[in-house]
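Listed below are the residues making up each chain.
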Amino acid sequence: MHDHYRLTCEEVFARLDDFLDRELSEEETRRVEEHLAACAACASEHRFETGVLDGVRAKLTRIAVPTSLRAAILRQIAGGTA
Amino acid sequence: MHLLAAAATHSAWLPAAWLAPCMLGAIAVSRPEPGAGGAAEIGALLPPLLDSAYGTALHLTRNATDAEDLVQEAALLACRGFGTFQPGTNFKAWFFRILTNCFYSTYRKKKRGGTQLELDDTPELYLYCQTAAIGLHGQTEDPARLLMERLDAEQIGAAVDALPEEYRVVATLYFLQDFSYQEIAEVLDVPVGTVRSRLHRGRRMLQKALWVIAEERGIIRDLTAADPPPEA
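Criteria and cut-off values
- Residues numbered from 1 in each chain as written.
- Chains lettered and ligands numbered in written order.
- Predicted model: local features only at pLDDT ≥ 70, side-chain atom pairs only at ≥ 80, totals over all residues.
- Helix = DSSP H or I, 4+ residues; strand = E, 2+ residues; numbered from the N terminus.
- Rg over C-alpha atoms; globule rule 2.2 N^0.38 Å.
- Buried ≥ 20, exposed ≤ 12 C-beta atoms within 10 Å, placed from the backbone.
- Contact = placed C-beta atoms within 7 Å.
- Nonpolar A, V, L, I, M, F, W, Y, C, P; charged D, E, K, R; others polar.
- Core = buried A, V, L, I, M, F, W, Y, C linked by C-beta atoms within 7 Å.
- Domains from an automatic or database assignment.
- pLDDT = per-residue confidence, 0-100.
- Axes fitted to C-alpha atoms, helices over the stretch in contact; angles between N-to-C directions.
- Parallel < 35°, antiparallel > 145°, perpendicular 65-115°, else oblique.
- Left-handed = near helix turned anticlockwise from the far one by under 90°.
- Expected span 1.5 Å × (residues − 1).

Caption draft 1: Broad picture of the overall build of chain A. When helices and strands are tallied, chain A shows four helices and zero strands. Relative to the globule expectation of 12 Å for 82 residues, the C-alpha radius of gyration of chain A, 22 Å, shows a markedly less compact shape. For chain A, the proportion of its 82 residues judged to be buried stands at 24%.

Caption draft 2: Spotlight on the overall build of chain B. In terms of regular secondary structure, chain B is built from 14 helices and zero strands. Mapped in sequence order, the helices and strands of chain B form the string α-α-α-α-α-α-α-α-α-α-α-α-α-α. Here the analysis covers contacts within chain B between residues at least 6 apart in sequence; of these, 77% occur between residues at least 24 apart.

Caption draft 3: A look at the interface of chain A and chain B. Between chain A and chain B, the residue contacts involve 28 residues of the former and 39 residues of the latter. Mapped by element, the contributors of at least two residues to the side of chain A that touches chain B are helix H3 (40–59) and helix H4 (67–78) of chain A. Of the residues in the side of chain A that touches chain B, the class split is 14 nonpolar, six polar and eight charged.

Caption draft 4: Structural context of the nonpolar core. Of all hydrophobic cores here, the largest spans 76 residues; its most connected members are Val-71, Ala-74, Ala-78, Phe-95, Leu-99, Ile-184 and Leu-210 of chain B. Counting contributing residues, this core receives three or more from each of domain 1 (16–110) and domain 2 (126–223) of chain B.

Caption draft 5: Molecular detail of the confidence of the model for chain B. Residues and elements named next belong to chain B. Model confidence for chain B is summarised by a mean pLDDT of 82, while 76% of its residues fall at 70 or above. Predicted confidence is poor over residues 1–13, with pLDDT under 50, and the contacts of this stretch with residues over four places away or in other chains come to 12 contacts. Throughout residues 21–32 the model reports pLDDT below 50, and contacts reaching past four residues in sequence, or to other chains, amount to 21 contacts. Taken over the whole predicted complex, pTM reads 0.81, whereas the ipTM for its chain interfaces reads 0.85.

Caption draft 6: The environment of Thr-89 of chain B, seen in detail. Looking at the element boundaries, Thr-89 of chain B is found in the loop between helix H5 (64–80) and helix H6 (91–105). Along the chain, Thr-89 of chain B and Leu-206 of chain B lie 117 residues apart, while their C-alpha atoms are 32 Å from each other.

Caption draft 7: Representation of the confidence of the model for chain A. For chain A, mean pLDDT is 89; residues scoring 70 or higher make up 90% of the total. Mean pLDDT across the secondary structure elements of chain A bottoms out at H4 of chain A, with 93, and peaks at helix H2 (residues 26–38) of chain A, with 96.

Caption draft 8: Representation of helix H10 (residues 153–161) of chain B in the model. Of all the residues in H10 of chain B, the buried ones are Ile-156, Ala-158, Ala-159 and Val-160 of chain B. Of the surrounding secondary structure, the elements contacted by the buried residues of H10 of chain B are H3 of chain A together with helix H4 (50–61), helix H11 (165–177) and helix H13 (192–216) of chain B.

Caption draft 9: Layout of the packing of H10 of chain B against H13 of chain B. All names here are of chain B. The interhelical angle for the contact between H10 and H13, taken along N-to-C directions, is 130°, at an axis separation of 9 Å. What the angle tells us is that H10 and H13 run oblique. Between H10 and H13 the crossing geometry is right-handed. Of the residues in H13, those in contact with Gln-155, Ile-156, Ala-158, Ala-159 and Val-160 of H10 are Leu-206, Ala-209, Leu-210 and Ile-213. Along the lines of polarity and charge, the residues of the contact of H10 with H13 split into eight nonpolar, one polar and no charged.

Caption draft 10: Structural detail: H3 of chain A. The end-to-end C-alpha separation of H3 of chain A is 28 Å, in line with the 28 Å expected for 20 residues at 1.5 Å each. Three or more residues of H3 of chain A are buried, namely Cys-42, Glu-45, His-46, Phe-48, Glu-49, Gly-51, Val-52 and Val-56 of chain A.

Caption draft 11: How the structure looks around the environment of Asp-161 of chain B. Secondary-structure assignment places Asp-161 of chain B in helix H10. With 100 residues separating them in the primary sequence, Asp-161 of chain B and Thr-61 of chain B have C-alpha atoms 9.0 Å apart.

In structure tokens, the structure reads:
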């Protein structure tokens, strides 16, 4: 990889999902961040996608397991499985 | 519960793969089924996962009764198969593998309805383009936040539930459990590349589902009204 090579918008777009999921290598992450710092259009798309993912993650219902079910499972564990 | 009796017979035919080690490279260590020591061990590991397991089961089955049965069955199988769990490996991934396998073997066959949306071929940046088209990007510097703040938990859950099953399972494990691609691959016993493609495509579908729901519930109409509500 050349030091002066910069990712194009298309190359960043192709990596955007993996970047959002922190699944890129350190080097690729650094190069995407470098592009986003210099490209307002890509940065805007990245901010939007991050906002949607954060919104979904924050609001997806995390319901507590029903008390009766929790109690039944704890009894299973305490009493063995016979 | 009726499942207790039914599941009590499961360990006899439980496929070994359901209880296979979830962490690659781990060395199998055969251990006895939980006696007093094992019960104490699983008693420490399993209860903290029950809330998230139930939340996941709700999105998989899209039905509260089935979700309860699924969690109870998975818990019983985990107790019975705990001897195959390798200490020091990923118990959460191991348990969710049992849970998803229970779902695939039993509850998916019930074919619950749920919202049916045409989500195929949803383009990239769907919500970004839609919100730009209605002028939302000119109203605020953070249009995603403006939209997402107006969608409540029930509406977002409904959008996830509208995804086709293979995408819904991956999305649920990703959003609710914060599993990595690798962990989801281990839970579902599929290649990491399959997880990546399902997750990326599923997220595009999810954006379309969110948009459809926002339109149906009048959220888009409110956002495009002459005097849009102030940002929260």
